[in-house]
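Residue-level structural notes
Take a look at the letters that make up each chain.
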Amino acid sequence: ATEEQFSSRTIFCSARRGIASYAPHEEGTDLIPLFETIVNYIEPPKGEEEGPLQVLVSSIDYNEFVGRIGIGRITRGSMKLNTMKTRCNLENPDLHENFRMSALFAFDGLKRVPIEEASMGEIVAITGVEDIMIGDTICATDAVEPLPFVKITEPTVVMTFSVNDSPFAGREGQYVTSRHLRARLMRELETDVSLRVEETESPDAFRVSGRGELHLSVLIENMRREGYEFAVSKAEVLYKEDENGKKLEPMELCYVDVPDEFSGTVIEKLSQRKGELRNMSVAGNGSTRLEFSIPSRGLIGYRGDFMTDTKGNGIMNTIFDGYGPYKGDLQYRNQGSLI
């Protein structure tokens, strides 16, 4: 930590008990010390209160009654309900859509509260645009100035979701038909802008593309908990071709923190999966940090082996690193398959 970080204000909290105090020996009764510290020590949002409106949409929600809801912070100006606004996007210069806000909400805890007016610095939810997207800017009609936004990553992994036609079909889930499956996937598209759903030749199967194995596994688990029963194929990566017709595949940077005694095993396993060791450093406390460049398909199914090889003590984080030349075929099994 820097000297500035070391001397910054410190609050001692227990989220489970809902208490906060200024010193470790004090017994807090509520979270007031935390809130007071935020107000007193953290700078308020910066921006022009009197300038023309600018709101960058950074999140999307969906409601069956009002459709898509754009959520963002007012970075400049103020907005009133039932006034005309313009939607634009820095990445899409042709987008210039005037609309009337049908509803305006502020946030009170986890609840959305309808309001008539909001000013610079407030986080608001807006309805009135059917196909509003993350990265859009809501502006005053007489000052259309789109704000920059981080480009949304394209999908890299695809799985097939299909109706469960096994002998055990219908035993676990409440929603089991292709109509239920299709409706749920289409509803997910309203809020997950990185997801892609495609129809297939079979009316009972859908190709679902996401940003990675974790992205799709979270969707699968959410649907399972909601009572949907379906079958999924194994995960496969989405390939591309460059201008010369060469095959490209998605690559990832993989950061691994493991105890020293397991580093050799991890290096061996990831090298077998076409991983290239970029950096290796001693992190202290008997642990080693490894940095790999590895194809996305090389990481599919590896997390379970990783936890076994490191006896649950390893930490692995990955981030998409663009497309690179195809690394060749992978050998996933050494001893065949056990059925």
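Described in the following lines is the structure provided in the data block. It should be emphasised that the depicted structure is a prediction, and the values quoted were computed from it without experimental measurement.

**Considerations on the pairing of strand β8 (residues 103–108)**
Relative to strand β11 (residues 123–127), β8 runs antiparallel, the two sharing four bridges. Across the sheet, residue Ala106 finds its bridge partner in β11, namely Val124. Pairing analysis gives four bridges linking β8 to strand β9 (residues 111–114), with the strands arranged antiparallel. Counterpart to Asp108 in the pairing with β9 is Lys111. Hairpin geometry of β8 and β9 is characterised by an intervening segment of two residues between the two adjacent antiparallel strands and by a positive phi of about 70 degrees at Gly109.

**Here's the deal with the sheet that holds strand β6 (residues 84–89)**
Hydrogen bonds between backbone atoms are what pair the strands of a sheet, whose relative direction is either parallel or antiparallel. Strands sit in the order β7-β6-β12-β3-β4-β11-β8-β9 across an open sheet of eight strands; the sheet is antiparallel. Edge positions in the sheet fall to β7 (92–100) and β9, since each of these pairs with one other strand and no more. Strand-to-strand, the axes of this sheet are offset by a mean angle of 35 degrees, without reference to chain direction.

**Focus on empty space enclosed by the protein**
Where empty space is left can be seen by rolling a probe of water-molecule size over the atoms. Scanning the model with the defined rule gives one cavity of 30 Å³ or more in all. Approximately 30 Å³ is the volume attributed to the largest cavity. Taken together, Ser162, Val163, Tyr175, Val176, Thr177, Leu181, Tyr228, Glu229 and Phe230 make up the lining of the largest cavity. Of the residues assigned to the lining of the largest cavity, the class counts are six nonpolar, two polar and one charged.

**Some details on the layout of surface pockets**
By volume, the largest pocket amounts to about 560 Å³. If you trace the largest pocket, you find 19 residues lining it, with Gly212, Glu213, Leu214, Glu252 and Thr318 closest to the centre. Where the lining of the largest pocket is concerned, the elements lending two or more residues are α4 (213–225), α6 (296–299), α7 (302–309) and β22 (315–325). Per-element accounting of the lining of the largest pocket gives the leading share, four residues, to β22. Each residue belonging to the lining of the largest pocket can be placed in one class, and the counts come to eight nonpolar, seven polar and four charged.

**Describing α7**
Within α7 the residues assigned to the buried category are Tyr302, Phe306 and Asp309. Each buried residue of α7 sits inside an arc of 70 degrees when the element is viewed along its axis, so together they form one side. Against β19 (247–259), α5 (263–272), α6 and β22 lie the buried residues of α7.

**Observations regarding the pairing of strand β21 (residues 287–295)**
The buried fraction of β21 amounts to seven of the nine residues, a majority that puts the element mostly inside the structure. Of the pairings in the sheet, the one linking strand β20 (residues 276–284) to β21 comprises seven bridges and is antiparallel in character. Paired with Gly284 across the strands is Ser287, a residue of β21. Here β20 hands over to β21 after two residues, with Asn285 in that stretch at a positive phi of 55 degrees.

**Quick look at the pattern of salt bridges**
Inspection of the entire model under this criterion finds 19 salt bridges. Of the charged contacts in the structure, one is a salt bridge between Glu97 and Arg87, with a shortest N-O distance of 2.7 Å. Residue Glu97 is located in strand β7, and its partner Arg87 is located in strand β6; the two are separated by ten residues in the primary sequence. Salt-bridge contacts for Arg225 lead to Glu221; the nearest nitrogen and oxygen are separated by 2.9 Å. Placement of both Arg225 and Glu221 in helix α4 is noted, with a separation of four residues, approximately one turn of the helix. Residue class for Arg225 comes out exposed when judged on its relative accessible area of 65%. Under the relative-accessibility criterion, Glu221 is labelled partly exposed at 26%. Through salt bridges that share partners, Arg87, Glu97, Asp131 and Asp136 make up one connected network.

**Re α4**
Helix length check: α4, at 13 residues, gives a terminal C-alpha distance of 18 Å against a target of 18 Å (1.5 Å per residue), a fit within 8%. Every buried residue belonging to α4 is among His215, Leu216, Leu219 and Met223, and all of these are buried. Take α4 and look down its axis: the buried residues cluster within an arc of 90 degrees, on one side only. Exposed side chains of α4 directed beyond 90 degrees from the buried face belong to Leu214 and Arg225.

Cut-offs used in this document
Residues numbered from 1 in each chain as written. Predicted model: local features only at pLDDT ≥ 70, side-chain atom pairs only at ≥ 80, totals over all residues. Heavy atoms only, no water. Pairing = 2+ DSSP bridges. Helix = DSSP H or I, 4+ residues; strand = E, 2+ residues; numbered from the N terminus. Axes fitted to C-alpha atoms, helices over the stretch in contact; angles between N-to-C directions. 1 Å grid on protein atoms, 1.4 Å probe; cavity = no way out; pocket = protein on both sides within 12 Å on 5 of 7 lines; lining within 4 Å. Points joined across faces, edges and corners; volume = space filled by probe spheres on them. Nonpolar A, V, L, I, M, F, W, Y, C, P; charged D, E, K, R; others polar. Buried < 20%, exposed > 50% of the residue type's maximum accessible area, 1.4 Å probe, protein only. Arc of directions from axis to C-beta. Contact = heavy atoms within 4.5 Å. Salt bridge = Lys/Arg side-chain N within 4 Å of Asp/Glu carboxyl O. Expected span 1.5 Å × (residues − 1).

Read these as layout, nothing more, since geometry by itself doesn't imply function.
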